[in-house]
Amino acid sequence: MTETKRSFCRFCIALCGIDVEVEGDTVLRVRGAEDDPLSAGYTCSKGRALPEFHHHPGRLDHPLVRTEAALKQSSWDAAMSDLGTRLEEILAAAGPDGVALYLGTGSAFDASGRRIAERFIRSIGSRSKYTSGSLDTPCKPMVAEMMGGYVGLNPTIDWEATTMTVLIGSNPVVSHGHVTPFVDPVRRIRSLADKGEVWVIDPRETETARLATSHLAARPGSDFALLAHAVREILRDGADRSYLALYTEPAELAQLEAAVEPFDLEHTAASTRLDPDDINNFVAAIRRHGRIAGLTGTGSTMSAAANCTEWLLWALLIVTGSYDQPGGMWFNPGYLRQLDTREWTPGTGEAEPGPASRPELPRRLGEHPAAALADEIETNNVRALIVVGGNPLAAFPEVDRLEKALQALDVLVVIDVVETPTTRLATHVFPSTGQLERPDMPHYIDQFHPIVATRYTAAVVPPVAERRSTWWILARLAAQLGQNILPTGLTLESSDDELLAPLASRSRASSFEAIVEGGIDNIAAEPQVFGWVLPRLPDGRWRIAPQQLVAQLTKLEVAEGLVLVSQRQPHHLNSQLADRQRTQRATIEINPAEAARLDLAAMSQVTVHSAHGSVSGELELNSAIPLGSVSIPHGFTDVNVGQLMSGTRNIDPLTGMVTLTAVPVTLEPEAMSLVVDS
Ligand SMILES: Nc1nc2c(c(=O)[nH]1)N[C@H]1C(S)=C(S)[C@@H](COP(=O)(O)OP(=O)(O)OC[C@H]3O[C@@H](n4cnc5c(=O)[nH]c(N)nc54)[C@H](O)[C@@H]3O)O[C@H]1N2
Ligand SMILES: Nc1nc2c(c(=O)[nH]1)N[C@H]1C(S)=C(S)[C@@H](COP(=O)(O)OP(=O)(O)OC[C@H]3O[C@@H](n4cnc5c(=O)[nH]c(N)nc54)[C@H](O)[C@@H]3O)O[C@H]1N2
Ligand code: SF4
Ligand SMILES: [Mo]
C-alpha cells in the first residue's frame, strides 16, 4: 500500500518540506509539501532525487572490516571489537591526539549524530578534530568573534523590509544560500528585487546575477577593495552617525577610516577592473537606501581575501546602521539554542597554536584546519581517522598526497550512507541510517533558518539491513573503549527520539512533545528577532577595526593573469549525487574569447596547472565565465579540482584556510599520453 509521509529534505540548509510517497520500506517519490509555511511546495532536483539516493546501488548495509586487501562484511560486535582493540593500541602508543575525527557536511544535518561525535572526540581527550567548516567558511565565526565578541552571530536579511541586498560570491539560485538559506530562491530573490535592489558581485554571470537588479563582475579576489571603497565613501557621506555614536568607539572608527583611505575610486577600479561609473552607482545605491543587507558566499569566504572582505562587509553594515535593525539585518538566535536568552563572555578572536606538525596554523573553535591533516598523518601524530558524513578525497586540497596519507593510516573509519572514494580506502566502514530513516530536528543549523523556528520529522521508512544511527555507532564504539558518552539517562537501547528530546529542554518550546506535535506551523515561531545583539556587544560596541584584519588589508593583492573560480552545480551537493553523471559532470569552463586567445578553441581536452598541481578534463566554452577566469566545479574525483589546491601555499595565517577560489592557473592542451605496447 502506498502512503505519503511528511518530512523535510536534509541535503542543504533550505530544509524544504517534502511529501514522501512510500510503499513498505521502498521510497517511491518526493514532492514539495504545498502547505509548508516556508517552502510552500518548492523542492529542487536533489530533494526529488532522494528516492534514487536512498536506493543507491552503493548504499551501505553492513559493517565492513578490511582483512588483507579487501573489505569484508562483519557483524557489529566483531567490527567493534576489532576496532576497539586497534584504537586502544593507538591511544596507548600515540596518545589521545593519535585518533582524529573529521566531520563533513553529511554530519551537519544529523542532529544526534553530530552531537555524539563531538562527545566522542572530547571523551577520548583528542585535540585532533577537523570539520568541513575550516574549508568553506572559517572567516565567518572569526570575524563575528573579533567584531561582535561571539562566534555564533549569523547575520540574516530582514526578509520583510530590506530594500537593498548585496550578495558577494554567492549564487543562491543554485546553492540555496551559504549560511543564510534561500528557500525557493528564484521567488525570494525576485521578491527582494521587487522591494528595491539586489546587487550581485560575482565574476561569473550567474543564475542569481541574471535575476538581480545590478551585477558587478568584479575581478576574482577583489571584493575587499570594492567594500573598502564603499566604507570609505559612506563614512564621508551617508553614515548612520547616531548608530555609530552609540555602538562604536571613536578611536576605532578613526582606525577604520585610515585603513580604507587608500581605496579611492582610481585604486578600486584598478583592483576590481570595474567601470568607475558602476562603482559610483553602487555607493550611490547604498546612500539611497540607508540601511542595507549584505551576505558573502564561498566565492568570497574561500578566497585569499576572505577575512578582510567579511570584515569590510560587517563594517559597511555597521556604518550604515544596518545590523540588528529593521530594514537591515538581524541575527537568528536559534529556536533551540535561543541565544537571545543567554549571556556570554565576549571572546577576542585569538587562536590557539595548531597541531604538532603545523604549529603555525591557527586552531579555532576547538578544531585544527583541514590543511593540517595530511601532515599530521605523515608525521605519525595521527594514526587513526574517523570520518563522519564527509568525503575528504572530493573536498580537500592536495588530494594525491592526502590519498597516500589515508592509505598509510593504521585505522580509517568511515561512517557514511553510500560507498565513496573515501570508504574504498577505509579499514572500517559503518553503514549509517540515511536522512529518511531517522527522526531529526535541525540543531547545529538551527540558527541558519530564515525565521526563528524548528522542524521535527519522524523517520519516513525504517532502516533496513544493519544500518544504525550515527549516534549509536559512536556511542557503541565509546562503550567498546570503556566510556559512556551518552547524555544522562540514555543508553545504547534508547530511541532516536530520546536522543533528540534533550535538545528541546532549553528551547523556545514548552517540551519536545510540543515540537513533535506542533510541526513548524503551530510552534511559537517568530519571523525575526531584532535588538538582542546590540545590548550584548563587548563593552557595548562593535569592534569595528580589528587590528589583525587592519594589518592583513595592507598586504592583500589581487592576482594577475588567469585564475580559477569556484562554482556549484544544481544537481549534486558537493560529492553527493555527483555520480549522477547523466545530469552533471565536471568540465573546464572558459569564455569562448579566452579560448580563442589561448588558441584552445578547437581543443576538446585541456590541462589546468596551478603552482601546486594539475588537472585535465573536457573544455567547455561558456560565455558566463569572464575573461581571465577558468571555472571547474568541485565534488568530482575524475576531474578533481582539489589537485590544484595547496595545503601549504596561500594558507590564511589567521584561519588556516586553504585558498579555493581566485587561484592563479595556466591552461594548455592536454599532454598526449604515450601509448606503449607491451
Ligand atoms: N546545488 C548545490 N547546492 C549546494 C552545494 C552544492 O554543491 N550544490 N554545496 C553546499 C555547500 S557545502 C555550501 S558551503 C554552499 C555554498 O553556497 P554559495 O557560496 O552560494 O556557493 P556557489 O553557488 O558556489 O556560489 C559562489 C559564487 O562565488 C563566485 N565566485 C568565485 N570566486 C569569486 C570571487 O573571488 N569573488 C566573488 N565575488 N565571487 C566569486 C562563483 O562564481 C559562484 O557563483 O552551497 C551549498 N549548496
Ligand atoms: N576545490 C574546492 N574544494 C572544496 C569546495 C570548493 O568549492 N572547491 N567546497 C568546500 C565545501 S563548501 C565543503 S562544505 C566541503 C565538503 O566536504 P565534505 O563534507 O567532506 O564532502 P561531501 O561531499 O559533502 O561529503 C558528505 C558525505 O556525507 C555522506 N552522507 C550523506 N548523508 C549522510 C548521513 O545521513 N549520515 C552520514 N554519516 N553520512 C551522510 C555523503 O554520502 C557524503 O559522502 O568541500 C570543500 N572543498
Ligand atoms: S533546496 Fe533542494 S536540496 Fe536543499 S533542502 Fe530543498 S529540496 Fe533539499
Ligand atoms: Mo560548504
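Note that the structure is predicted; figures quoted are calculated from it, not measured.

S.K.: Lay out the confidence of the model for the chain with the relevant residues and their values.
M.R.: Averaged over every residue, the pLDDT of the chain is 95; residues scoring 70 or more account for 98%. Note that pLDDT drops below 50 for residues 673-678; the model gives that stretch zero contacts with residues more than four away or on any other chain.

S.K.: With reference to specific residues and values, describe the environment of Leu 660.
M.R.: On the secondary structure map, Leu 660 appears in the loop between strand 23 (629-631) and strand 24 (663-669). Each C-alpha atom of the pair Leu 660 and Leu 87 lies 34 Å from the other, and the pair is 573 residues apart in sequence. Excluding anything up to four places from it in sequence, Leu 660 contacts Leu 135, Met 302, Leu 564, Ser 566 and Met 645.

S.K.: So what's going on with the packing of aromatic side chains? Residues and values would help.
M.R.: The geometry of an aromatic ring pair is captured by the separation of the ring centres together with the interplanar angle, meaning the angle of the planes. In this structure the tally under the stated criterion is 17 aromatic pairs. Relative to Trp 542, the ring of Trp 314 has its centre 6.0 Å away and its plane inclined at 85°; by these criteria the two rings are edge-to-face. Here Trp 314, found in helix 17 (residues 306-319), pairs with Trp 542, found in the loop between helix 22 (512-522) and helix 23 (547-555); they are 228 residues apart in sequence, far enough to count as distant. Under the relative-accessibility criterion, Trp 314 is labelled buried at 1%. Classification of Trp 542 as buried rests on a relative accessible area of 0%. Aromatic pair Tyr 323 and Trp 542: ring centres 5.4 Å apart, planes at 45°, arrangement tilted.

S.K.: Please provide a residue-by-residue account of the site of ligand 2, values included.
M.R.: Close to ligand 2 lie 29 residues, the nearest being Tyr 102, Thr 105, Ala 395, Asp 416 and Ser 575. Separating an oxygen atom of ligand 2 from a side-chain N or O atom of His 634 is a distance of 3.3 Å. In isolation ligand 2 has 930 Å² of accessible area, and contact with the protein removes 95% of it. Looking at the shell around ligand 2, the elements with two or more residues in it are helix 4 (105-108), helix 6 (133-136) and strand 17 (411-416). Split into classes, the residues belonging to the shell around ligand 2 amount to ten nonpolar, 15 polar and four charged. In terms of domain composition, the shell around ligand 2 takes at least three residues from each of domain 2 (64-134 + 361-521) and domain 4 (563-669).

S.K.: Give me the lowdown on the pattern of salt bridges, citing residues and values where you can.
M.R.: Counted according to the given criterion, the structure contains 38 salt bridges. Of the charged contacts in the structure, one is a salt bridge between Arg 467 and Asp 61, with a shortest N-O distance of 2.8 Å. With Arg 467 in the loop between strand 18 (428-431) and helix 20 (470-480) and Asp 61 in the loop between helix 2 (50-54) and strand 4 (64-67), this residue pair connects regions lying 406 residues apart in the sequence. The class of Asp 61 is partly exposed, set by a relative accessible area of 27%.

S.K.: Which residues make up helix 3 (residues 76-94), and what values do they have?
M.R.: Over its 19 residues, helix 3 extends 26 Å from the first C-alpha to the last, a length consistent with the 27 Å expected when each residue adds 1.5 Å. Every buried residue belonging to helix 3 is among Trp 76, Ala 79, Met 80, Leu 83, Gly 84, Leu 87 and Ile 90, and all of these are buried. Across the axial projection of helix 3, the buried residues extend over an arc of 135°, all falling on one side. Summarising the geometry of helix 3, the exposed residues directed more than 90 degrees from the buried face are Asp 77, Glu 89, Ala 92 and Ala 93. Considering only its buried residues, helix 3 is in contact with strand 4, strand 6 (99-103), strand 16 (384-388), strand 17, strand 18 and helix 20. The first or second residue beyond helix 3 is Gly 95, which carries a positive phi of 85°.

Reading guide: rules and limits
- In this numbering scheme, every chain counts its residues from 1 along its sequence in written order.
- Chains and ligands are labelled sequentially in the order written, the chains with letters from A and the ligands with numbers from 1.
- Totals for whole chains, interfaces and linings use all residues, but because this is a predicted model, local features are given only for residues with pLDDT of at least 70 and pairs of side-chain atoms are given and counted only at 80 or more.
- Excluding hydrogens and water, the side-chain values take into account all heavy atoms of the structure.
- The score called pLDDT rates the predictor's confidence residue by residue, from a low of 0 to a high of 100.
- Residue contacts follow a heavy-atom distance rule, with two residues in contact if any of their heavy atoms lie within 4.5 Å.
- For helices the rule is a DSSP run of H or I covering at least 4 residues; for strands it is a run of E covering at least 2, with both sets numbered from the N terminus onward.
- When two rings of Phe, Tyr or Trp (its six-membered ring) have centres within 6.5 Å they constitute a pair, described as stacked for plane angles under 30 degrees, edge-to-face for angles over 60, and tilted for the intermediate range.
- Here the term buried applies to any residue with accessible area under 20% of the maximum for its type, exposed to any over 50%, and partly exposed to those in between, with areas from a 1.4 Å probe on protein chains only.
- Definition of nearness: a residue and a molecule or strand are near each other if at least one heavy atom of the residue lies within 4 Å of the molecule or strand.
- Pairs of N or O atoms are called polar contacts if they sit within 3.5 Å, as long as, within protein, a hydrogen donor faces a hydrogen acceptor (for residues adjacent in sequence, only side-chain-to-side-chain pairs).
- Using a 1.4 Å probe, accessible areas were evaluated by the Shrake-Rupley method; residue-level cover was limited to the displayed protein chains.
- Each residue receives one of three labels: charged for Asp, Glu, Lys and Arg, nonpolar for Ala, Val, Leu, Ile, Met, Phe, Trp, Tyr, Cys and Pro, and polar for the others, Gly being one of them.
- As used throughout, domain bounds are those supplied by an automatic or database domain assignment.
- Every case where a carboxyl oxygen of Asp or Glu lies within 4 Å of a side-chain nitrogen of Lys or Arg is listed as a salt bridge.
- Each helix should span, by expectation, one fewer than its residue count multiplied by 1.5 Å.
- Note: the arc covers the axis-to-C-beta directions of the helix.

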